[in-house]
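# Per-entry structural report
This is what each chain is made of:
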Amino acid sequence: MVKKALIYLRVSTDRQAEKGFSLPAQEEACRTYAKVNDFLVEHVYRDEGESARSDDRPQLQEMLARCDEGDIAAVIVYKLDRFARNTFDHMQNVARIRSAKAQLLSVTENLTETPEGLLVEGILAGVAQFFSGNLARDVLKGMNERAKQGMCNSKAPPGYKNMREIINEELERKFVVPDPKTKDYVVQAFQKFATGSYTVADLCDWFFSVGMTQKKTKDKPLAVSMVSRMLSNKFYIGVTRWNGIEAEGVHEPIISKELFQRVQLVLSDRIHGRSRKRKNLFLLRGIMTCGECGEIITYENQVTSSKRLIPYYRCSKRRGGRKVDCGQSYIQADVLEKQMLEAVEAARLPARVVAKLEAKLKEIHEREQESVTRERKQIQAKIDQLNEKERSLVNK
C-alpha cells in the first residue's frame, strides 16, 4: 500500500535562507527523507516569510485540512521548529495530525510515538518556544536601542526608501534615504496643503495624477487615511517615533519645521471645524454639508486671470476617499455666507418671544429648586431618625 506524505516548509527571513534554511534546501532534505522511508510525497506546503510563533499560517492550515481527510500517513518537516515555536500550538496541531492517523516526522530529529519519543518531542517543542521568546526579547531590546539612536525600525514613509548594506556574514546595516522618485512630490503635497486650498482627498487625486498610487493596486489612488498620516508624520522633519520612543532621527529631513507646523495648523482647523485668523476666514467650513449628496462642503481660493484671489465653497464630492456623483458647482464665499446670515436672521426669535421663554424657564427652575429642597429636608429627617435609633441601641 502506498504511504502518502505531505511536506511542510517554512522560512521566516532572508537571513535564514542565507544560512541554509531556504525553502529549496528544506524541500530537498525532506524529499530525500521521504524516499528513504518509502513515502510518496503528495504535496509540498510552503509558508514563506511567516513566523512560527502563531499557527495562523495559510499553508499550515491547508496542510492540516488535508490531513483531516484521513488518507495521509505522515507530515514531514525539516526541523521541529519549522512546524511551531509555541508549545500549545504544537501540541494542538500534532494532536490533530495524529487523530487523522498520521505521523509528524522530522528530518533532523528522531521523533517516535513511544513514551520516550513523546517526551523528547515535548522537550524539543519547549526549547523551540524558549528560543523564540528569548529571540523576540532580544530583537525588541535591539529595536528599542535603535529607536533611541534615531534609526528607523519600520517601512519608510512615502518620499523615502529603505536601504540595506551587508557588512559581513553576521552584520548588516539598515537605513533610510530620501527617494529621488517621490521626494519632490511629497514636498509639493505639504506645500499645497499648507495653503489651505486643498483637502486631503484633493492630494490623493493629485498624487494619483503624478503616478503615486497604492503599491498593491496601481490603478487606485492613495488612501485618505494614509495621506492624513503622512501630513502629520514627524519623520519628514527628522524625528523618529517607535514603540513610544521619540528621538532625533539620523535620516535626512525633507520638510522644514516651519512648513510642517503650517500643515499642522491646517489639519487642526479641519479636525475642529474652526478657522484661524487669515486673509479668508471661510466662516462656514466644517459646519455645512452638500444638499445633493450629503458630503462635506470644503473651500479653496481660485486665482483669476487678473491675478485676483477669489474664495469659493464647493462640495468635496467624496465619501470614504472615493468620488461620488454630485452636480453641485462652486459658489463664491461671500455669496454663500450672505445667504447663511440671511437664513439665520430669518430664524431668529422675536424679542417678546425670547422674554416669555426666559420667564417660563425661570419659573420651571424655581419650581424644581423647591422640589429639591423638600426632598433634601425629608432625607435629612430620615437620617436624623436613624441616627437617633442608633444612639438608643448603643446606650441600652
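Below you will find a few notes about this structure. The residue numbering used here restarts from 1 in each chain and proceeds along that chain's sequence as written. A pLDDT threshold of at least 70 governs which residues receive local features in this predicted model, and a stricter bar of 80 or more applies before side-chain atom pairs are shown or counted, although totals over entire chains, interfaces and linings include all residues. Side-chain numbers come from the whole structure's heavy atoms, not from hydrogens or water.

Further remarks concern unusual backbone geometry. Here the phi dihedral of D38 falls at roughly 60°; this positive angle occurs in a residue that is not glycine. Every helix listed is a DSSP run of H or I at least four residues long, and every strand listed is a run of E at least two residues long, numbered separately from the N terminus. Tracing the chain through its elements places D38 in the loop between α2 (23-36) and β2 (39-48). The exposed category is assigned to D38, whose relative accessible area is 59%. Not every positive phi belongs to a glycine, and N243 is a case in point at roughly 50°. With respect to the element layout, N243 can be found in the loop between β7 (239-242) and β8 (245-248). Between buried and exposed lies partly exposed: a residue is buried under 20% and exposed over 50% of the maximum accessible area for its type, with that area taken using a 1.4 Å probe on protein chains only.

Moving on, we get to the sheet that holds β2. Two strands pair under a simple rule: DSSP has to find at least two bridges between them. Read across the open sheet, the 4 strands follow the order β2-β1-β3-β4; overall the sheet is parallel. Since the sheet does not close on itself, it has two edges, and those belong to β2 and β4 (103-106), each with one partner. Adjacent strand axes in the sheet meet at a mean angle of 25° when their direction is disregarded. Across 4 bridges, strand β3 (residues 74-77) lies against β4 in parallel orientation. Looking across to β4, one finds that V75 is bridged to L104. Fitted lines through C-alpha atoms give the axes, limited to the stretch in contact for helices. The angle between two N-to-C directions lies from 0 to 180 degrees.

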